[in-house]
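Chain residues, written in single-letter form:
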Amino acid sequence: MSGGGVFTDILAAAGRIFEVMVEGHWETVGMLFDSLGKGTMRINRNAYGSTGGGTSLRGSSPEVSGYAVPSKAVESKFAE
């Protein structure tokens, strides 16, 4: 801080502090958006296998492509 008085030095220091805070804020926002984008890509890859290089939906059965069929009657599962 070269010459100018106390008020000038205080304002210069406050300006530098503000500049560092703004730069840190935008860096944090940038990292947040980066993480959000990566997380969204990961969720899409897990939910839809064809997105991002996969070939089919995860969890799809190789024998049956369609709707799930219960192994026993639904009523028997809830019978007392």
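Residues numbered from 1 in each chain as written. Predicted model: local features only at pLDDT ≥ 70, side-chain atom pairs only at ≥ 80, totals over all residues. Heavy atoms only, no water.

By the naming in an unreviewed UniProt entry, the protein chain goes by Bacteriochlorophyll C binding protein and is assigned to Pelodictyon phaeoclathratiforme. Its UniProt record gives the protein chain a comment under Function (unreviewed entry), which states: "Component of the photosynthetic apparatus." Under the Subcellular location (unreviewed entry) heading, UniProt states for the protein chain: "Chlorosome, Chlorosome envelope". (UniProt positions renumbered as here; feature names shortened; annotations may be inferred.)

Student: What is the right way to look at the pattern of salt bridges in this model?
Tutor: Side chains that carry opposite charge are capable of pairing whenever their charged atoms lie near each other. In the structure shown here, the tally under the stated rule is one salt bridge. Among the ionic pairs, D34 bridges to K38, the shortest N-O distance being 3.4 Å. A residue pair is termed a helical-turn pair when its members lie 3 or 4 positions apart in one helix, as D34 and K38 do in helix α1 (residues 6-47) at four residues. Assessed through its relative accessible area of 41%, D34 is described here as partly exposed. (Salt bridge = Lys/Arg side-chain N within 4 Å of Asp/Glu carboxyl O. Helix = DSSP H or I, 4+ residues; strand = E, 2+ residues; numbered from the N terminus. Buried < 20%, exposed > 50% of the residue type's maximum accessible area, 1.4 Å probe, protein only.)

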